[in-house]
Every structure is written in structure tokens, then in C-alpha cells.
Amino acid sequence: MKQTALDNDKEKRTGAFIRTWGTLIGFLLLMTIFSAIRPDVFPSGRNLKNIIEQVATLSIVASGVTVVMITGDFDLSVGAIASLVGIVTALLMKAGMGTFASILIGLTLGTSAGLLNGLIIAYGGLSAFVGTLATMTAYSGAALLISKGTTVFGLPENFRFLGQGSLGFLPISVIIMLLTLLGIYILLEQTTFGRRLYAIGGNEEASFLSGIRTKQIRFIAFGISGFFASLGGIVLTSRLYSAHPQAGSPFMLNAAAAVFLGMTAFREGEANVWGTLLGVLIMGVMGNGLNILGINTYAQSILTGVIIVLAVLLSSLAKKKA
Amino acid sequence: MSEKQALRIENLKKSYPGVKALKGVNVSFNEGEVHGLIGENGAGKSTLIKILAGIVKADTGSFFIRDEEITIRSSKDSSSNGLSFIHQELNLVTYFNAMENIFLGHSYPRRFGPLVDWKALKKRTQKITDTLQVSFPLDRPVSYLSAVDRAMVAIARAFAVDGNVYFMDEPATALTDIEKEKLFSVIKNLKAQGKTVVYVSHNLDDVLQITDRITVMRDGAVVECKKTSEMTKDTLISSMIGKDLESSFPKRLGSPAETLLSVSHLSNSHIRDLSFSLRAGEILGIGGLVGSGRTELLESIFGSRALFSGEMLLEGDSYKPSSPKDAIASGVVLVPEERRKQGLVMSRSIFENISMMSLADLSHGGLLDHQAIKERSHEAGDKVRLKSADYRNHVGTLSGGNQQKVVFAKTVLQQPKVLMLDEPSKGVDVGARFEIYSIIQELAASGTGVIIVSSDFNEVLGLADRIVFIKDGYQTFEKENSDIDQESYLNYCYGRELS
């Protein structure tokens, strides 16, 4: 209590700096540490490209989840939607339907599954957690039922393009990821829809009384999440060149974790698309780096959990300081 | 009475980014004294109280209780030093009952080791309600209680533990006169026991009535501290705003024209068969007590509360809003009662809040027109005399008066035909109040029909051309303002006509 005002000011500015850039600094630190331990392997162009390719599908899915989480909702069903759409698209192609048509139907199915979430939650009044927990169970049941629990192989050759092809030096999956990020960025920052999302997240009642159709906006947000979950699922299916009824399930927690990590970056406590990208990259670099160091994958999961807690904890500590 | 100091504060300083909230405050409160603490919003009263309550940390400053220095680092420190608080915002856990709310954060009585002794808890609660001479349901979640009862629960909380100094921040805002009298007799009791009460309020009549000494704060400093007997409302106001105020209400501009909105036989669960009309450029007051259906009437016209029956005509055309969006599209706008909860998104910028209602007009094909948002927001902000250098700041950083101006700017941007105001000056300081009244007058003069609801009847009397009174949802009287004075106003609110 004997501090001078000047010290206090300085402390506050440091706090603000950490809040804005801390997570990015942590990410760069992580990169530096891995590069220092394995300078021959980790920082090589080949490995970095590998990381980006690995996180492409997750960042597509997580971008969609970001939209839902801005309003304060939550989406547990993205993994199940990705799996279901992967299976349906694969089976359609195997049944002889054109690749493009199959993908279109897959995307429509996934978007509809997302809108159904929105219907149950925004209009039905269920909490997002309970609502998507239920639909997650149902959607993954559907994926298992349709595929009879087995992996679908033997997809058409031209389907490889999405997950394995390149345009120049850029893999197609990475191009889709970049377009997704850009699209979501424009949606969130440059459109009335984005403004309304953030307004609802900040104060739903005030938003409603300002003439915003809060239910409709939340409904659409779930549709967007469903669309990008299915896009992620299709790219993943192409990358693996096969569809497994549970291929998408890691998306559920990883996407949420990425958005939570992203909420600690750039903007205080608010989901934002660049934060989500950073969150995805942190998880990707962690996984890759720990693999290179030869650390057991189960132990990796523990470490990932610890890192998420630490990141959120540190940023909230910096917040308290202010 | 003794002149012993119960609490002394020395050189208290606190600054927030860009704002010096407290610039070295020195003040002392005596034992057996009711001490008024007044000042405009943003003068630093709330910050002072939050620091004493251990919610906010001071930059520098010392506290002495009976000349002994204490430190306040947490709300626990604060209550163990005998400081007790009734905060301006109710902060109740709505699904807890009154007992649990009152003892929230304090230790419950126990039995058999860790088990809560509910009977003992109830007894202790009843002891508090007995001293306060109030009764409200103890076992039901407070969400079922009326606004007045909830306010009493919040007051009762201050008495969960014995304190020496009681801070009451706007305790009477939601109370009716009867409850207020009860509160005042409790305050007198406390005083008789040699305790100290610090009474913070914008209602100067209350402050003059109940206090022994008054401290006036302005811009984060104490500007005056005198015996209440040496003060009048006028001297208080001028020392609060630092200049003399000619009159509390601006002059009426313009005069009403043709009928704008007419409602007939409006009924739902809160209002019964209400019919009246509003002319363009007219200010119509809705008189009545808290809970009479005033707010619900505005909500029904705004489309946020469904009607069972009744008809509305706006400029001669049928008007049936099913949501606020419909109402706004038709040019009917509401400034809701609870600014923080219903009016603003505190975590977003001034720009975003002002433009929130008008995004459709400020965009092209869904894409935001940032230039238009900037220009129109500043235009609206200037119109309501909003004082903020940077509209990118979060609304949460503004004072109460400026926050209310943001809400007004938001509605002004819509250029509404009908503007409904629910408690437009709640939590707004005296200086900004006059400005808000001027804005209302200007809007009416430009042809907007204004409907105003307020618990401050001077406000309704000072602004309205005509007043419709409702009691328990029923329409009781409709009077021209010129035919009413303060006394008859209150009688009409209670449904009585003076012969």
C-alpha cells in the first residue's frame, strides 16, 4: 500500500502487455525451446510444414467453434459431426455419386446437424452443454450405425486432392484453412452479424432489447459451427483417404481447448479467430515437439492439459494485477 | 453525543487507467453519527466505498479505527474491523432464499460438526428482520420476492454480523415510502446505540432528513464537510456541481401536435385495460408506485412483453410488435430501467454500444460501414453531450451519467417516433441529470413523443405535459400536469382523489 502511483501505473501497463501478448510470447518460447533441443529436426522447413498440415483440419473446426463460443455457448458435437459427415461423404462416393456432389451433400448434412443444435439450444432453451452433449451422442451413434462401425476404404482418386494435394508449394488443406480463418475473421470483425455475436456474448438481454434477434443469431452460429466441422471432417477424410466413424472425435476437446487458449490472447477473455489459430498452433507444436523428443503420447495428453491450465491461469493472474 | 472518531481515512488515492478516481481523500466519521456522503456520479463515492469494503485496492492511504491504524486487503479484513455494507447493486443469489443470501459469505451456525443448523439460521435471520421491522418470505428463493422485498434482503445482509460503521449506498432506491421509514428508524436506532451510519444517496431530501453531518465529494476529492443543519438543498447542489444551478428542470420547448400513438384496452398479466394516447412532441408521464405495472406497460408497447388483448395505433396504422426488433423498426424505442443489465454491453466499446440498435442502417449487405458508424456515433454522442475523448473505450469505464448518455445516444441514432424512458436518471448525478432532462426536452421539441416512468415524482412533474396514473395495473386517473402538485401526485399514485 506504500507504492507510488508511478510504480502502479507501470505494473498495470506490464499487466496489459502480458494479457495481450503473453500467450504469443509463450508460443514463441515453446518454439525456441524445441528448436534449441533439436536444432536439426524441429525448425526445419519440412517439419514446420508438417505441423501446419497437421493442424489444418483442427483449425478449420476450431474456427467454427469460435463463432459459437463468442455468444457464450459451447459446442461439444463438432467431433461427432466431422465423423458423421466423413462417413456419409465417403459412402456416397463409394455408391457412385460424383465427388463434388458428395462433398456438397456432406456439407449440407453437417450444417443441418449444427442448425439442429441451434434449434434445440437457442429456441428450445436447453443449455448448450447439455444440448450438444445429447446431439454428440446421437450423431456419433449415427456415424457408427451407417458405417456398421468399420472404416470405409476405396475412395475415388480425385478425392485425394483436398487433403493431400498442393497448389504450388501450398497444400490444399492449408489453403482451405487460410480461407476459413480469413472468412471467419471478416464475418466476426466486418459484418453486422459479428457485431451482434459479440453483443450477445457481452449482454444477451441488452442485445435483445436493442432489437437483435438473439435466438436467430445463436441458431445461425451453431449452423456455422456445423458447417466448418463438416468441412474439417471432409478434409480429414481426404487426408486419411478413408473414413472412420470416430475419426473426428479428438476435435471435440481439442477445438474447445484451442478456443480457450485463444481467449487468453490478443483480446481479454473473448474468443477471437487469431487467438484460436494461436491456440491450434500451440497444440500442434506441442504435439509435434514432444513427438520429436520421443515422449509417450499418453504423457503428451497430460502435458497438454497442464499447459492449458497454466496459460489460462497466467493470463487471469495478469488480469488480476490490473 | 461523543465526538470520537469511529473511522478516519487519510490521504486516500486511487487511479484507474486515464482517471484519477480519488485524489487524496481525508474524511472521518464519528461515533453515534449519521453521516451523509454525496457527490455526482464519478465523484469517487463508489470507489471510496469499494476500497473500504475490500473489493478494490487503494493506491495509497491509511485507515484508522478509533485512532488505531488498520489495513484492508479483503472483504474479510473489512468486516472483521466492523465495517458493514449495503451496496448499491443488490448482488443477490437469486435462487438462494433470503436466509442464505443474508448470511452469504459469513459462517452459518453448525450442528453435529459440519452440518448447517437451519433452525438456528432461521432464528438468527428472524432476529435481523425483527430489528428491521420487516417481514419477507425466508424460505423461498429471492427471485420470487418483490423488488421491495429483495431490496430489504440486501439491507438485512448488512446486519448479518455486528458492525460499528454501516455504509449504505443508495439503500432506498427500490423502496416504497413505508419501507423507507422503516429503514430510517433502523438508522436512528443504530445511532442511538453509538454506531455510525454513512448514508450515500442522490436523493438530497433523504440525506437532509436523516443525517447529522454531510460530506460532499467532487472529482475525487472532499469539497465540503458540514453539519446538516447548516446545509440546504441548494447549497448541497451547488457544492456538488461546483456552480449554482438555476433550476432543476430545463424550460419546456415547443408544444404537442397531432396524435402519434394511441393504445386501447391493453391487458396482460400485469396491466388491465389501459387506454391512452400520446401526441407528437408530447411528454407523457406514467404515474404510479413501484410494482403498479408502469414498467410492464412500457415493455408491452415495446414488444418485449406479450399482450393478451388490446389494440395499438401508430400514426393511424395498426401497430402490433411481437419483439423489440419490430418496435424499433416501427420507430418505438425503450430506454430500459436497468442500464447495466438491459441497456449496455459493458465489455464493448462506446461505438459498438451506440451503433448496436442501428447496425442495419450502418452497413451495406451485412458488411459494416466503419466510416458511417464513426460519424453517426459521434453525431449522436454530441447531441447528448457525451463526454468521452475516445469512443473505442469500453462503456464499463464510464461514469453512470455518461453510461446513460450512451444509452440515449443509441436511441437518438434511431431517430425514434416514440421514445419510452424507464427511470431515465436512476444512478445519474445532479449535473448530468439536468443535461438528460434537456435532451428529453429537445427530443420532444423535435417531434418525438416521449413516455416517461420514474420513481422520482419531481422528475415526472418537472417534465411531463400530462400524466396517466396506474395502480395495480388499472388506470386510475389522467391529469394535465398543470392541475397537479406533489401532494396530489402522491394521492393519485395511491388511487385517491382529493376532494
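Residues numbered from 1 in each chain as written. Chains lettered and ligands numbered in written order. Predicted model: local features only at pLDDT ≥ 70, side-chain atom pairs only at ≥ 80, totals over all residues. Heavy atoms only, no water.

Asks: For this particular structure, what's the right way to read the sheet that holds strand β10 (residues 196-200) of chain B?
Replies: Picture the strands of a sheet paired through backbone hydrogen bonds; they go either parallel or antiparallel. Residues and elements named next belong to chain B. Taken in spatial order, the six strands line up as β6-β9-β10-β3-β11-β12 in an open sheet, and their pairing is mixed. The open sheet terminates on both sides in strands that have one partner only, identified here as β6 (83-86) and β12 (221-227). Averaged over all neighbouring strand pairs, the angle between strand axes comes to 20 degrees, with direction disregarded. Direction of pairing for strand β9 (residues 165-169) relative to β10: parallel, over a ladder of five bridges. Bridge pairing in β10 links V165 to T196. Each of β3 (34-39), β11 (213-218) and β12 is contacted by helix α8 (residues 233-241), which is oriented at about 30 degrees to β11, the strand it contacts most. (Pairing = 2+ DSSP bridges. Helix = DSSP H or I, 4+ residues; strand = E, 2+ residues; numbered from the N terminus. Axes fitted to C-alpha atoms, helices over the stretch in contact; angles between N-to-C directions. Contact = heavy atoms within 4.5 Å.)

Asks: Would you explain the side chain of R196 of chain A in this entry?
Replies: Locating R196 of chain A in the fold gives a position in helix α8 (residues 192-202). With no salt bridge to any partner, buried R196 of chain A finds its closest opposite charge in D361 of chain B, at an N-O distance of 8.3 Å. Contact partners of R196 of chain A, with chain neighbours within four places excluded, come to I212 and I217 of chain A together with L359 and A360 of chain B. (Buried < 20%, exposed > 50% of the residue type's maximum accessible area, 1.4 Å probe, protein only. Lys, Arg positive; Asp, Glu negative; His and termini not counted. Salt bridge = Lys/Arg side-chain N within 4 Å of Asp/Glu carboxyl O.)

Asks: What is the right way to look at the environment of A82 of chain A in this model?
Replies: All names here are of chain A. One can find A82 in helix α3 (residues 78-94). Take A82: its relative accessible area is 3%, and that puts it in the buried class. Spatially, the C-alpha atom of A82 lies 4.7 Å from that of S230, the residues being 148 residues apart in sequence.

Asks: Where do I start with the domain arrangement of chain B in this structure?
Replies: Interfaces are often described in size by the accessible area the parts lose on coming together. Residues and elements named next belong to chain B. If you check the domain split of chain B, you get domain 1 (5-241) and domain 2 (259-493). One C-alpha centre belongs to domain 1, the other to domain 2, and the line joining them spans 31 Å. Both faces combined, the contact of domain 1 with domain 2 buries some 950 Å², and carbon together with sulfur accounts for 62% of it. The interface formed by domain 1 and domain 2 holds zero salt bridges in total. With three residues, the single largest contributor to the side of domain 1 that touches domain 2 is α8. Residues belonging to the side of domain 1 that touches domain 2 are distributed by class as follows: three nonpolar, five polar and three charged. (Domains from an automatic or database assignment. Buried area = accessible area lost by both parts, 1.4 Å probe. Nonpolar A, V, L, I, M, F, W, Y, C, P; charged D, E, K, R; others polar.)

Asks: What should I look at first to understand the sheet that holds strand β23 (residues 466-471) of chain B in this one?
Replies: Residue and element names in this part refer to chain B. An order of β18-β21-β22-β15-β23-β24 is seen for the six strands of this open sheet, with the pairing classed as mixed. The sheet is open, and its two borders are formed by β18 (332-335) and β24 (474-480), each paired with just one other strand. Put simply, the sheet's adjacent strands are angled 20 degrees from each other on average, direction ignored. Bridge count between strand β21 (residues 418-422) and strand β22 (residues 449-453): five bridges; the pairing is parallel. Within β22, the residue paired with L421 across the bridge is I452. Across the face of the sheet, helix α14 (residues 400-412) comes into contact with β18 and β21 while running at roughly 175 degrees to β18.

Asks: Is there a simple way to explain the pattern of salt bridges in this structure?
Replies: Where charged atoms from two side chains of opposite charge approach closely, those side chains can pair. Throughout the structure, instances matching the rule amount to 27 salt bridges over all chains. The partner of R392 of chain B in a salt bridge is D390 of chain B, with the nearest N and O atoms 3.0 Å apart. Relative accessible area serves as the criterion here: at 61%, R392 of chain B is assigned to the exposed category. Overlapping salt bridges, with partners in common, bring together R195 and E270 of chain A together with R348 and E352 of chain B in one network.

Asks: What is the right way to look at the side chain of N30 of chain B in this model?
Replies: Note on placement: N30 of chain B falls in strand β2 (residues 19-30). The exposure class assigned to N30 of chain B is buried, which follows from its relative accessible area of 7%.

Asks: I'm lost on the interface of chain A and chain B in this one. Help?
Replies: At the junction of the two partners, chain A supplies 26 residues and chain B supplies 36 residues. At the boundary of chain A and chain B, one finds three salt bridges. Two residues, E205 of chain A and K341 of chain B, come together in a salt bridge whose shortest N-O distance is 3.4 Å. For the pair chain A and chain B, the interface holds eleven residue pairs in polar contact (both at pLDDT 80 or more). Of the residues forming the side of chain A that touches chain B, the biggest block, six residues, is contributed by α8 of chain A. Classifying every residue of the side of chain A that touches chain B gives eight nonpolar, ten polar and eight charged. (Polar contact = N/O pair within 3.5 Å; in protein donor to acceptor, adjacent residues only side chain to side chain.)

Asks: Before we go on, may I ask you to explain the confidence of the model for chain A in this structure?
Replies: The predicted coordinates ought not to be read in detail in places where the model reports low pLDDT. Here chain A averages 90 in pLDDT, while 93% of its residues score no lower than 70. When the criterion is pLDDT under 50, residues 1-5 of chain A qualifies, and its contacts beyond four places in sequence or with other chains add up to ten contacts. (pLDDT = per-residue confidence, 0-100.)

Asks: Quick question: what am I supposed to make of the environment of I271 of chain B here?
Replies: All names here are of chain B. Relative to the helices and strands, I271 is located in the loop between β13 (259-267) and β14 (274-279). Overall, the relative accessible area of 0% leaves I271 in the buried class. C-alpha of I271 to C-alpha of L297: the two residues are 26 residues apart in sequence and 6.6 Å apart in space. Apart from residues lying up to four places away in sequence, I271 is in contact with L266, G293, L297, S300, L307 and G473.

Asks: Looking at this structure, how should I read empty space enclosed by the protein?
Replies: Summed over all chains, the structure comprises three cavities of 30 Å³ or more. Of the pockets and cavities examined, the largest cavity occupies roughly 60 Å³. Elements represented by at least two residues in the lining of the largest cavity include exactly α8 of chain A together with α12 (350-355) of chain B. The element contributing the most residues to the lining of the largest cavity is α8 of chain A, with three residues. (1 Å grid on protein atoms, 1.4 Å probe; cavity = no way out; pocket = protein on both sides within 12 Å on 5 of 7 lines; lining within 4 Å. Points joined across faces, edges and corners; volume = space filled by probe spheres on them.)

Asks: Whenever I open this one, the packing of helix α2 (residues 45-70) of chain A against helix α7 (residues 172-190) of chain A confuses me. Can you help?
Replies: When two helices pack together, their arrangement is captured by the angle between the axes and the distance separating the axes. Residues and elements named next belong to chain A. As a packed pair, α2 and α7 sit with axes 8 Å apart at the nearest point and diverge in direction by 20 degrees. Considering the angle they form, α2 stands roughly parallel to α7. Between α2 and α7 lies a crossing of left-handed hand. Of the residues in α7, those touching α2 at I52, E53, A56, S59, I60, S63, V67 and I70 are S173, V174, I176, M177, T180, L181, I184, L187 and L188. Residues of the contact of α2 with α7, tallied by class, amount to twelve nonpolar, four polar and one charged. (Parallel < 35°, antiparallel > 145°, perpendicular 65-115°, else oblique. Left-handed = near helix turned anticlockwise from the far one by under 90°.)

Asks: Before we go on, may I ask you to explain the nonpolar core in this structure?
Replies: Side chains that are nonpolar tend, in soluble globular proteins, to be buried together. Counting 89 residues, the largest nonpolar core has V67, L188 and L197 of chain A as its most contacted members. A total of twelve residues in this core trace back to one element, the largest contributor, which is α2 of chain A. The residues touching V67 of chain A, leaving out its near neighbours within four places in the chain, are I184, L187, L188, F193, L197, A221 and I224 of chain A. The next biggest cluster of nonpolar side chains, apart from the first, holds 78 residues, and it includes L278, A280, F408 and L461 of chain B. (Core = buried A, V, L, I, M, F, W, Y, C linked by side-chain atoms within 4.5 Å.)

Asks: Explanation requested: helix α5 (residues 128-147) of chain A in the structure shown.
Replies: Residues separated by three or four positions in an α-helix point in the same direction, a consequence of the helix having 3.6 residues per turn. Residues and elements named next belong to chain A. With 20 residues, α5 extends 28 Å from end C-alpha to end C-alpha; this agrees with the ideal 28 Å at 1.5 Å per step. When α5 is considered as a whole, its buried residues turn out to be A128, G131, T132, T135, M136, Y139, A143 and S147. Along the long axis of α5, the arc covered by the buried residues comes to 130 degrees, so they all point the same way. Exposed side of α5, more than 90 degrees from the buried face: T137 and L145 are the residues found there. (Expected span 1.5 Å × (residues − 1). Arc of directions from axis to C-beta.)

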